[in-house]
Amino acid sequence: MNLPDTGQKRIVIIGGGFAGISLAKNLKGVDLQVVLIDRHNYHTFQPLLYQVSTSGLEPDSIAYPLRKVLNELDNFYFRMASVQRIDPDGKTVFTDIGNLGYDYLVLATGTKTNFFGNQNIARYAMPMKTVPQALDIRSLMLQNFEKADDCLDPVERKALLNFCIVGAGPTGVELAGAFAELKNNVFPKDYRHLNIDEMEINLFEGGPRVLPPMSENASKKATEFLKALGVRVHLNVIASDYDGERLTLKDGTTLNTKNFIWTAGVTGAAIEGFATHVLVERLNRYKVNRFNQVEGYDTVFAIGDIAYMETDGFPKGHPQVAQPAIQQGELLADNLERMLEGKELKPFTYRDKGTMATIGRNKAVADIKKLKFAGFFAWFIWMFVHLMALVGFRNKVVVFFNWAYNYINYDKAARLIMRRFRPKA
Ligand SMILES: Cc1cc2nc3c(=O)[nH]c(=O)nc-3n(C[C@H](O)[C@H](O)[C@H](O)COP(=O)(O)OP(=O)(O)OC[C@H]3O[C@@H](n4cnc5c(N)ncnc54)[C@H](O)[C@@H]3O)c2cc1C
């Protein structure tokens, strides 16, 4: 790779997600050459991807150019590349645009969708981890509505209007709520000749309750909110196959659906090259110590979703959400500076700020420390927190404007098929 020799030690950060940019921003003033590599040239604010999928927000308002996030840093370099392999002994990363040596390496690659080895589901389901995937869901939904409006066959029409979401974690719940808002407030005006009651929203969860990472109270309230919006919630149900037309459940039941969205799990986006013992196999996360050093390496770190750190408070690792990623990035920047100065490193302790999920208009659930609340106040807090967390002033303004417009007009304006989605044959 074409990078100048600045005479400084080089730190290579792989991944410009919450963890990677938190680290890079906090390296301002530290005497290192900082190289950030990501396969996209933008940071994705994943918590609002579901609003892109359901026409509530334009994709540009939840993505932010990585060069812009970091252009105030001296000695900062960005390369848009996909890292394919790492040679930890030779201290080199191998990418699709060339190789690069490092003094320090930070793995901040997050996660990818986990289909649990089900090849049919991996082929035909719609995942939602990236902006292009969210746009595919939006296009598919609108294309299927266009087809349904012109469809005389009631069986075919039912399949086109059947939305099946697998996984009732925060993403699945928020997505189901947003589809229900479209059904209740938007599509009846757009598709006046369709019987909108034919649109079904089915949410499947393998466990006994929705929002498994949250409190019982949050699950109960979220289920009530979903049902009030018309979402059919199916608990203790496992999706075992999908062939692009038909969903088969583990008990043998089948449903026809042309909209099958998979939010049932993630696995670490680990990169080839390290010995297998540094990974927690079933999770694909790198084992790290309290300083985020990957097991057996002093100068290789993992932060965010890809890092697996056992602590007394979190014996099974930290939750794969934005806050641990941001906090680990901040601490690692501090620790790198300490390392360069020969000072003792500080161990990571997670400050849990709580968990929230929103379920359509005016409703959310929140677990913040010992406080558990639900309804309008939780929704208000949810909006405030997400607005503040968005990267970039422009994005905050655009999202705020969109939300205000949607709220007042009961509308979701981005109902646009900008590029057709072609389902796999
Ligand atoms: C739909 C959805 C909704 C969510 N909602 C919430 C929420 O409401 N609240 C919350 O706290 N958390 C939420 N999360 C989780 C949160 O987004 C993650 O915990 C967070 O993004 C983790 O940050 P990270 O930096 O570890 O990884 P990421 O943000 O995933 O960033 C990883 C980066 O690495 C890049 N990358 C990966 N592999 C390579 C490679 N080989 N070469 C080059 N680049 C690579 C990727 O392009 C990406 O930019 C949600 C996640 C999803 C998918």
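For the structure itself, look to the data block above.
Thresholds applied
- Residue positions are given per chain, counted from 1 along the sequence in the order it is written.
- Whole-chain, interface and lining totals are the exception, using all residues; otherwise, since this is a predicted model, local features are given only for residues with pLDDT of at least 70 and side-chain atom pairs are given and counted only at 80 or more.
- To get the side-chain values, take all heavy atoms of the structure and skip hydrogens and water.
- Counting from the N terminus, the helices are DSSP H or I runs at least four residues long and the strands are E runs at least two residues long.
- Under the convention used throughout, the expected extent of a helix is 1.5 Å for every residue step, that is, one less than its residue count.
- Classification of residues uses two cut-offs on accessible area relative to the type maximum, computed with a 1.4 Å probe and protein chains only: under 20% is buried, over 50% is exposed, and between them is partly exposed.
- At least two DSSP bridges between two strands are needed for those strands to be called paired.
- Handedness of a crossover is defined as follows: orient the strands so they point away from the viewer, and if the path from the first strand over the helix to the second runs clockwise, the crossover is right-handed.
- Proximity is defined per residue: if any heavy atom of the residue lies within 4 Å of a molecule or strand, that residue is considered near it.
- Nitrogen and oxygen atoms within 3.5 Å of one another constitute a polar contact, given that in protein one can donate a hydrogen and the other can accept it, and given that sequence-neighbouring residues count only through two side-chain atoms.
- All accessibility values rest on the Shrake-Rupley procedure with a 1.4 Å probe; residue burial counts only the protein chains present in the view.
- Note on ring pairs: Phe, Tyr and Trp rings are taken, using the six-membered ring of Trp, and paired if centres are within 6.5 Å. Classes follow the plane angle, with under 30 degrees stacked, over 60 edge-to-face and the rest tilted.
- A positively charged side chain is recorded as over a ring if its NZ (Lys) or CZ (Arg) lies within 6 Å of the ring centre. The angle to the ring normal must also be within 35 degrees.
- Only protein atoms enter the 1 Å grid used here, on which a cavity is any set of points holding a 1.4 Å probe that cannot leave and a pocket is any open set flanked by protein within 12 Å on both sides along at least five of seven lines; residues with an atom within 4 Å of a point are listed as lining.
- Grid points are joined across faces, edges and corners, and a volume is the space filled by probe spheres set on the points.
- All amino acids are sorted into three groups, where Ala, Val, Leu, Ile, Met, Phe, Trp, Tyr, Cys and Pro are nonpolar, Asp, Glu, Lys and Arg are charged, and the leftover types, Gly among them, are polar.

Caption draft 1: Quick look at helix H9 (residues 322-340). Between its first and last C-alpha atoms H9 spans 27 Å; for 19 residues at 1.5 Å apiece the expected length is 27 Å, and the two agree. Of the positions making up H9, those classed as buried are Pro-324, Ala-325, Gln-327, Gln-328, Gly-329, Leu-331, Leu-332, Ala-333, Asn-335 and Leu-336. Phi turns positive, to about 70°, at Gly-342, one or two residues after H9.

Caption draft 2: Just the pairing of strand E13 (residues 200-204), in detail. For E13, a buried count of five out of five residues is recorded, marking the element as mostly surrounded by other parts of the structure. Side chains of E13 alternate between two faces, with Glu-200, Asn-202 and Phe-204 and Ile-201 and Leu-203 buried alike. As paired strands, strand E12 (residues 162-166) and E13 are joined by five bridges and run parallel to one another. Counterpart to Cys-164 in the pairing with E13 is Asn-202. One crossover worth recording links E12 to the parallel E13 by way of helix H7 (residues 170-190), and it is right-handed. Here three bridges tie E13 to strand E14 (residues 232-234), and the two strands are oriented parallel to one another.

Caption draft 3: Expanded view of the site of the ligand. What surrounds the ligand is a group of 27 residues, the closest being Ala-19, Asp-38, Val-83, Asp-305 and Ala-322. The backbone of Val-83 places a nitrogen or oxygen atom 2.9 Å from a nitrogen atom of the ligand. Take Ala-322: an N or O atom from its main chain is 2.9 Å from an oxygen atom of the ligand. Here the ligand, which alone exposes 990 Å², has 89% of that area covered by the protein. At the level of secondary structure, the elements contributing two or more residues to the shell around the ligand comprise helix H1 (18-26) and H9.

Caption draft 4: Quick look at the packing of aromatic side chains. Counted according to the given criterion, the structure contains 17 aromatic pairs. Geometrically, the ring pair formed by Phe-274 and Tyr-286 is edge-to-face, given 5.7 Å between the ring centres and 70° between the ring planes. You can see Phe-274 sitting in the loop between strand E19 (266-268) and strand E20 (279-280) and its partner Tyr-286 sitting in strand E21 (residues 285-287), a full twelve residues away along the chain. Note on accessibility: Phe-274 and Tyr-286 belong to one class, buried. Chaining the aromatic ring pairs together yields one cluster made of Phe-145, Phe-163, Phe-179, Phe-187 and Tyr-191. Seen from the ring of Phe-94, Arg-85 lies directly overhead, with NZ or CZ sitting 4.1 Å from the centre.

Caption draft 5: Region of interest: empty space enclosed by the protein. For the structure on display, the rule yields one cavity of 30 Å³ or more. Its volume calculated, the largest cavity comes out at about 50 Å³. Lining the largest cavity are Arg-285, Gly-304, Asp-305, Ala-307, Met-309, His-318, Pro-319, Val-321, Pro-324, Ala-325 and Gln-328. A total of three residues in the lining of the largest cavity trace back to one element, the largest contributor, which is H9. Of the residues that constitute the lining of the largest cavity, the class distribution is six nonpolar, three polar and two charged.

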